[in-house]
Amino acid sequence: MSLFKLRHFWSTTSEDDEYFDQNSLLVTKLNSDFDYIVTASQSGVLRIFNPLSENTDDGQLGEYHPNDVVVERIFDLPILQIGSGRLVSGNQVTHLAILHPLLLSVYTLIIKAGKTSHGNQSYLELVYEHKLRRSAYNLVIGPFGSSQNRDFICVQSLDGLLTFFEQESQVSYVALTDFLMPCPISYIAKTDSFVTCSSDWHIVCYKYKSLSEASDESVDPIYSKPKVVPDWTYNLGESIIDLTVINDIINKEAWLTILGEKNLYSLNHRGSLRFMKRLDYPPVCFRCYILDSYLFTLIVSEINMLLIYQGTTLKWSAHLDFLPVTIHRAFLKPMKGTLVLLSEEGRLECAYLGTEPCLFVAPPLNVQELDYEKLEKELLELEDVIRTTNNNDVAVQTNIEKELQLNLTVNESIEICVYEHNMKNAANNYMCCVTIDIVPQVSIQEAQLALLVQRPLKIVPNSMFYSNLSEKTSITCYVFPDESTEVPTLALEVKLSVISSLGVPRALSRTTFLPMSLIMEPSIPEKENTHKITLSTSEAPIALPTLFSEYTHEGTSANSIAFKSPAGKTGTILLGKSSERYRLQAESLTTLSLLVEQLVSRLKKYYSQNETYRVSFSSSLPAGEIFEYSQKHFLVKQEVNSLQNKISQLSSQYRLIQKRLIAKYRAKNPSSLKSLELLLDDTYTDILEATEQLENEMDNLSKAQIDLSCVVHLVKQLIGMMEIGSGLMEMINSTFCTRVYDLETQSWEDVTDTSLCYLLRTALAKTDKDKLRVAHTSFEEVKDMSKFEKHLSQVFERIQKKQSLKEEDETEDDVPANENTNPDTSKEDFHLDKPIGSQFGVSSTRLLSARKSLSRRRHKNGTDTDEAVTTVAKV
Amino acid sequence: MDPMYLALSLFRRRHYDKCIDICTSILDKQPLDQAAWCLKMRALTQRVYVDDLESEESPQDDVLDENVVASAPRPGTSLKSTSTAVPFTALGARPRTATGRPISGVVRPGTQTGRPGSALDRLKTSRGTTAQSARAIRLGTAAMLTQKDGPFIQVSRLNLAKYAKIKTLNKPLFEYLFYHEGDIRNAMELAVLATQHCEFKDWYWKIQLAKCYSALNLIRDAEQQIRSALKQHPHIESYIRLIRIYIRLDQPLSAISLCKQGLEVFPNDVSIMTELARLTEALNEPQSSVKYYRSIVIEDAMNTEAIACIGMYHFYNNQPELALRYYRRVLSMGAHSPELYNNLGLCCLYSQQLDLTLACFQRALDLATDPLIKADVWYNLSYVAIAAGDIGLAIQCLNLCLVADPTHASAFNNLAVLHHRSGKPHLAKAYFTSAREHQPELPEPGINLEVLQDA
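As recorded in an unreviewed UniProt entry, chain B goes by the name Tetratricopeptide repeat protein 8, listed as coming from Sitophilus oryzae.

The name given to chain A in an unreviewed UniProt entry is Protein PTHB1 isoform X1, with Sitophilus oryzae as the source organism.

Shown next, in the form of structure tokens:
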């Protein structure tokens, strides 16, 4: 991002397949008044340019002209670097040094002035060359040893050998210590020393004197390894990209500038830091110069930016059209301080910093003219978006049944189970087949089918996902018992949620019963048993063999039939001889749940034509037993919780020991780890032990959950037969959740207790005063089961009282009975418009207002209630 | 040409893949060529290198964090506590993020992770989170993918004690282990051995050790190492690392004093000043923050963060015209983002340049692809609608905002206010409640609910 752009005025490109690097560009005066630009590619092409040699008349900066090329020469060897200096003895003329991989040659540029307007004739002439013993990396030229008017060459090889050439004669070798990879090297004239970056990322400076003293011609320096003592070192801590030395002639100072991979450093000639700057971009190359005794640095970043710093302050930044590998400053005839950039493919450009900002212009918006029709359409679209997300439109949601049919078929025949299950004795190894048909009338984008049965039953597969559903699809599932425990219900729930092609989500659900023979086996009827339930019917009783036709065989008594549950417990259904009663009795209450469910559903099916047919239950609810089962469940759950706490404690302890171990490992004076190891092992064994216990307890918990859910299901059915008004029944249904889930932070008791409290405060409130108290809105963990028991028994009592009240009313007067319940239900309805669960979410503020309106309503309804009381009083 | 020279040249020109190929062929011929091995290692490292100072992700609160100094810090000494004293201006309070910090002008490293509701779920496990972030893991796998015949270095078979003693190899090897392999444990072992070998004289190893420690969440050890490194050798990066560590320890005041110390050594350094400015901003001292940002701009006039933050300061200081100038400067530098156009639109709106307002927002909407940003643009457009007096349009804008981001608490609040004004108090109450649920720190919904309650 930049306001400005680099303006180039002269550019040329090289041939294809030529590559350039950092050292391939040289800007030098070469014995003239102005700078020449020398490029040398790694393919061995050397070019010397003199840009803008011919000034155009109108003072405009000219373009590239073929005459600007002074010399182009192709060498057989790749050129690694070019340098210039006074390299020929007894001659003050600047020569060019060309570094090939194994050869160093020095050339002189000869320019013969042309006689005609064809221009000058220039060519390079070889002065001398040195064969190199090792593959070269780079060279540095300078007046080593403070020699006057002479320049020497130092070549660094790839393996760290410095070779010094004093003009035509080869002087000495020296190998650098701690060397791995060659780095840029530079010469500080002021102290007559060399600086480079060593492979352990230090900047090292060697005196020329100590280098030449350490050198030894007789032995190969790579093996002799003379110890060269550096003058100073500076620990940089990162690898470098380039380093240069700039001599400030006015202040007689040397600036050593280093471009690291992340920072820019400037050191003085003694190796102490002048300044550093963190670069927040990856740099590519740089160049320094001194202007008015300030150090200026040009840095090219990887994102094609040129940044110019004075010290650490950013002075200018400009955008580049391409990424150069190296940058130089040149003094050309028409322009001082031109920037010369060379890309790796050989694009050479001379450029200047333009002060005219190149402002970023955003692409123009194309909505100039307002098209009202189009805008209206857009508005409608946007409104549509709002509507569909808010789901305000109720009308589209009703006709799901028309668009989609969901058929369930339960195959009555029982097959042998082929699936894996957890049953120990595979006596009852049955499964039954369920077929589900989905018949969509319109195409449906996505559909998900979920099949639910209650534990211990299991259904495979239990969910399906379809996308782009448009044809009739059917799916076959198998249901089988997973564990040998009691079964709370044989109901199979199928839920289908779809997203129609318009993107509207819908849901559909169906319930059916699985065949009883999947679970129950016939048994011998018993006369007496511990748990009994009596149900009365409004019509004449039907013989049991008619109802349970699949269990009927010869010799079956018409008045009694018995079943054996997977848990091995038996239950018997007896038909009252004289009255219209069925008696169900079983060893355990858990077995009865299924029997009641089956009996009632079969009776209802039988009498499906008769709308007034009713099955009712009037004796007291088995509150004690429910409490027993929930107590059992609660205890197991508590055990599980305590085990879980123990494990989490142990594992955090384990972690602490691990941490401590790490700390000990790092300690400067190592101490014995034996004791910690012992602790670690011990904790590990404890964790394993606790996990095993937890597994056992989880098994117990699952059994307790199933038992509890059996009992709750039974109670729910019994309450359902007590006929206490549909509103209240709905509330009770949502209170007693038959699916017993224990979440980590919330167990069944917590939820049920809160629901019970809510019931006691609202629908089952004894007095109106109770109703005015704010109902529970938060879940509390049940710690004391006696409170739970109290709530439970209160709820049962009040339910029963309600029933008896109604029954009395019914016996007294059939007609007003319906009216009688009105005041109650109207009040209930106010609460009952939502299931209980969702009401807890409503904040207390809402409740407050509800209370206010309730009290208002109470005043209005006051007379009605009084009437109700009087009718009762008459009795 | 010597293949080694070519490899070095390719490395310098950032053609890392070609460089790796050449190094591989050298190593095929001479498996013990240390230079080629080292170069290949560095090329592999550079290829996946991410500046860990810029991309640092601060780990969320650790359950077993034993570094916490005070659970209830005094006001002004912690970055975590949400300050209750929100400075009010005529343009309303400066908005805050869902974690209660003032929203800053730019997106910075480590600020994107704090979306609400992400840290809570991990609390139950007993294993605390280590800072071995997803990035480190990703680097490791990315490197494996491109490697055809197995990993370049079998880290498990590496004799770290041997390599730690080779001065020329240990640093590249460390960076390879740390950045390329993401193997912090082995990298740390190497660093420990190396620092012992050089008799604790190389500050480089102390910083690297600190990097490992802070990645392993041993922050106090990291602090010690950096302190000792700084004693040996002042370096900007060391200062910044130490500052970050104090921020992680939630000791902003120590961090600030360290910044000032660092600025004495490196006067006018942009990186340290940026840290200082961010810190003061987080501590609710916008004036001093802007002071530092101004000095940053003097030193580095291209610093977008500083310009954007100064612009934002002016905006919330009732000077939208000045803010507009700063944002236009950022725009002319070439930033072309929906956020910027959004800010420009708001500045135009409040500085009464209404003709430009809608054009800016139109561009912001055209450019916005991220639903969160789209939500913000629609939210701001609702202000334009309110300024024009078009309540219906404002409601539509807010609805569209909620379509894009259903947890936008401020939008819920404003929607509630508008509905209340148009005579739907119940709907308003529901919206206020959901606004409060989505962002309990926001003061407006609570106050409004109280007002509704009293009425």
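Our focus in this paragraph is the overall build of chain B. Within chain B, the secondary structure is distributed over 22 helices and 0 strands. Scored against the burial criterion, the 455 residues of chain B give a buried share of 44%. Long-range pairs, those at least 24 residues apart, make up 51% of the contacts in chain B between residues at least 6 apart in sequence.

What follows covers the overall build of chain A. If you tally the helices and strands in chain A, you get 15 helices and 42 strands. Of the contacts formed within chain A by residues at least 6 apart in sequence, a portion of 61% connects residues at least 24 apart.

Residue and element names in this part refer to chain B. The end-to-end C-alpha distance of helix α8 (residues 203–215) is 19 Å, a good match for the 18 Å that 13 residues give at a rise of 1.5 Å each. Most of α8 is tucked away: 13 of the 13 residues are buried. With its phi angle positive at about 70°, Asn217 sits one or two positions after the end of α8.

So, on to the packing of helix α21 (residues 425–438) of chain B against helix α22 (residues 443–454) of chain B. All names here are of chain B. One way to put it is that α21 packs onto α22 with a least axis distance of 9 Å and a crossing angle of 150°. Considering the angle they form, α21 stands roughly antiparallel to α22. Crossing handedness for the pair α21 and α22: left-handed. Between α21, through Pro425, Ala428, Lys429, Phe432, Ala435 and Arg436, and α22, the contact on the second element is made entirely by Pro445, Gly446, Asn448, Leu449 and Leu452. Here the residues of the contact of α21 with α22 sort into 7 nonpolar, 2 polar and 2 charged.

This part takes up the nonpolar core. Ala97 and Ile153 of chain A together with Ala7, Leu39 and Cys401 of chain B are the most contacted members of the largest nonpolar core, which has 229 residues in total. Not counting residues up to four positions away in its chain, the partners in contact with Cys401 of chain B are Ala375, Trp378, Tyr379, Ser382, His408 and Ala411 of chain B. Membership of the second largest hydrophobic core comes to 86 residues, among which are Cys477, Leu603, Ile626 and Leu718 of chain A.

Residue and element names in this part refer to chain A. Pairing of strand β19 (residues 253–260) with strand β20 (residues 263–268), which is carried by 5 bridges, proceeds in the antiparallel orientation. Bridged to Leu259 within β20 is Leu264. Following β19, the chain reverses through 2 residues before pairing antiparallel with β20. In sequence, β20 turns back onto strand β21 (residues 273–278) through a hairpin of 4 residues, with Gly271 there showing a positive phi of about 85°.

Now for the interface of chain B and chain A. Opposite the 51 residues of chain B that make contact, chain A presents 44 residues. It is helix α1 (residues 3–12) of chain B that provides the largest number of residues to the side of chain B that touches chain A, a total of 5 residues. Taken together, the residues of the side of chain B that touches chain A break down into 22 nonpolar, 17 polar and 12 charged.

Glancing now at the sheet that holds strand β3 (residues 36–40) of chain A. Residues and elements named next belong to chain A. As summarised here, the arrangement of the 4 strands in space is β2-β3-β4-β5, forming an open sheet in which the pairing is antiparallel. Edge strands, defined here as strands with exactly one partner in the open sheet, are β2 (25–28) and β5 (69–74). Ignoring which end each strand starts from, the neighbouring axes of this sheet average 15° apart. The pairing of β3 with strand β4 (residues 45–49) spans 4 bridges and is antiparallel.

Backbone hydrogen bonds hold the strands of a sheet together, and the pairing may be parallel or antiparallel. Residues and elements named next belong to chain A. One open sheet accounts for 4 strands, arranged β18-β19-β20-β21; its pairing is antiparallel. On the outer flanks of this sheet lie β18 (240–248) and β21, each paired with one strand and no other. When the angles between neighbouring strand axes are averaged without regard to direction, this sheet yields 15°. Sheet topology places β20 next to β21; 5 bridges connect them, and they run antiparallel.

Residue and element names in this part refer to chain A. Of note, the amide linkage connecting Val460 to Pro461 takes the cis form, showing an omega dihedral of -10°. At Leu30, a residue that is not glycine, the phi angle is positive and equals roughly 50°. Looking at the secondary structure, you find Leu30 in the loop between β2 and β3. Owing to 21 C-beta atoms within 10 Å, Leu30 belongs among the buried residues under this scheme. The backbone phi angle of Ser293 is positive, close to 55°, even though this residue is not glycine. Of note, Ser293 is situated in the loop between β22 (283–291) and β23 (294–301). Given 10 C-beta atoms within 10 Å, Ser293 falls into the exposed group.

Attention now moves to the pairing of strand β34 (residues 473–481) of chain A. Residue and element names in this part refer to chain A. One ladder, built from 7 bridges, connects strand β30 (residues 430–440) with β34; its direction is antiparallel. By the bridge assignment for β34, Val434 is matched with Cys477. By the bridge criterion, 4 bridges tie strand β32 (residues 457–460) to β34 in an arrangement that is antiparallel. Across the sheet, residue Lys458 finds its bridge partner in β34, namely Phe480.

What follows is about the confidence of the model for chain A. Residue and element names in this part refer to chain A. On average, residues of chain A carry a pLDDT of 79, and 82% of them reach 70 or more. The model gives residues 812–848 a pLDDT under 50, and that stretch makes 42 contacts with residues more than four places away or in other chains. In this model residues 858–875 is a low-confidence stretch, pLDDT under 50, and it forms 10 contacts with partners more than four residues away in sequence or in other chains.

Attention now goes to the environment of Val155 of chain B. All names here are of chain B. Structurally, Val155 can be placed in the loop between α4 (134–146) and α5 (160–165). A tally of 17 C-beta atoms within 10 Å means that Val155 is categorised as partly exposed. Linking Val155 and Asn186, residues 31 residues apart in sequence, is a C-alpha distance of 7.8 Å. If we ignore the near neighbours within four places in the chain, the residues touching Val155 are Leu177, Glu181, Asp183 and Asn186.

Let's shift gears to the environment of Ala229 of chain B. All names here are of chain B. For Ala229, the position within the fold is in helix α9 (residues 219–232). For Ala229, a count of 26 C-beta atoms within 10 Å corresponds to the buried category. A C-alpha to C-alpha distance of 8.0 Å links Ala229 and Asp202, two positions 27 residues apart in sequence.

Residues and elements named next belong to chain B. Relative to the 18 Å expected for 13 residues at 1.5 Å per residue, helix α15 (residues 320–332) spans 18 Å between its end C-alpha atoms, a close match to the ideal helical length. Where α15 is concerned, the buried positions are Pro320, Ala323, Leu324, Tyr326, Tyr327 and Val330. Take α15 and look down its axis: the buried residues cluster within an arc of 165°, on one side only. Close packing links the buried residues of α15 with α14 (304–316) and α16 (338–350). After α15 finishes, the residue Gly334 shows a positive phi value of roughly 110°.

Residues and elements named next belong to chain B. For chain B, per-residue confidence averages 79 on the pLDDT scale, and residues scoring 70 or more make up 78% of the total. A low-confidence stretch, residues 59–64 (pLDDT under 50), is modelled with 14 contacts involving residues beyond four sequence positions or located in other chains. pLDDT under 50 marks residues 82–92. Its contacts with residues more than four places away, or in other chains, come to 13 contacts.

So, about the environment of Glu356 of chain A. Residues and elements named next belong to chain A. Within the secondary structure, Glu356 sits in the loop between β28 (348–353) and α3 (372–390). A count of 9 C-beta atoms within 10 Å places Glu356 in the exposed class. In this structure the C-alpha to C-alpha distance between Glu356 and Leu3, which are 353 residues apart in sequence, comes to 8.9 Å.

Here is what the cut-offs are and how they apply
Residues numbered from 1 in each chain as written. Chains lettered and ligands numbered in written order. Predicted model: local features only at pLDDT ≥ 70, side-chain atom pairs only at ≥ 80, totals over all residues. Helix = DSSP H or I, 4+ residues; strand = E, 2+ residues; numbered from the N terminus. Buried ≥ 20, exposed ≤ 12 C-beta atoms within 10 Å, placed from the backbone. Contact = placed C-beta atoms within 7 Å. Expected span 1.5 Å × (residues − 1). Axes fitted to C-alpha atoms, helices over the stretch in contact; angles between N-to-C directions. Parallel < 35°, antiparallel > 145°, perpendicular 65-115°, else oblique. Left-handed = near helix turned anticlockwise from the far one by under 90°. Nonpolar A, V, L, I, M, F, W, Y, C, P; charged D, E, K, R; others polar. Core = buried A, V, L, I, M, F, W, Y, C linked by C-beta atoms within 7 Å. Pairing = 2+ DSSP bridges. pLDDT = per-residue confidence, 0-100. Arc of directions from axis to C-beta.

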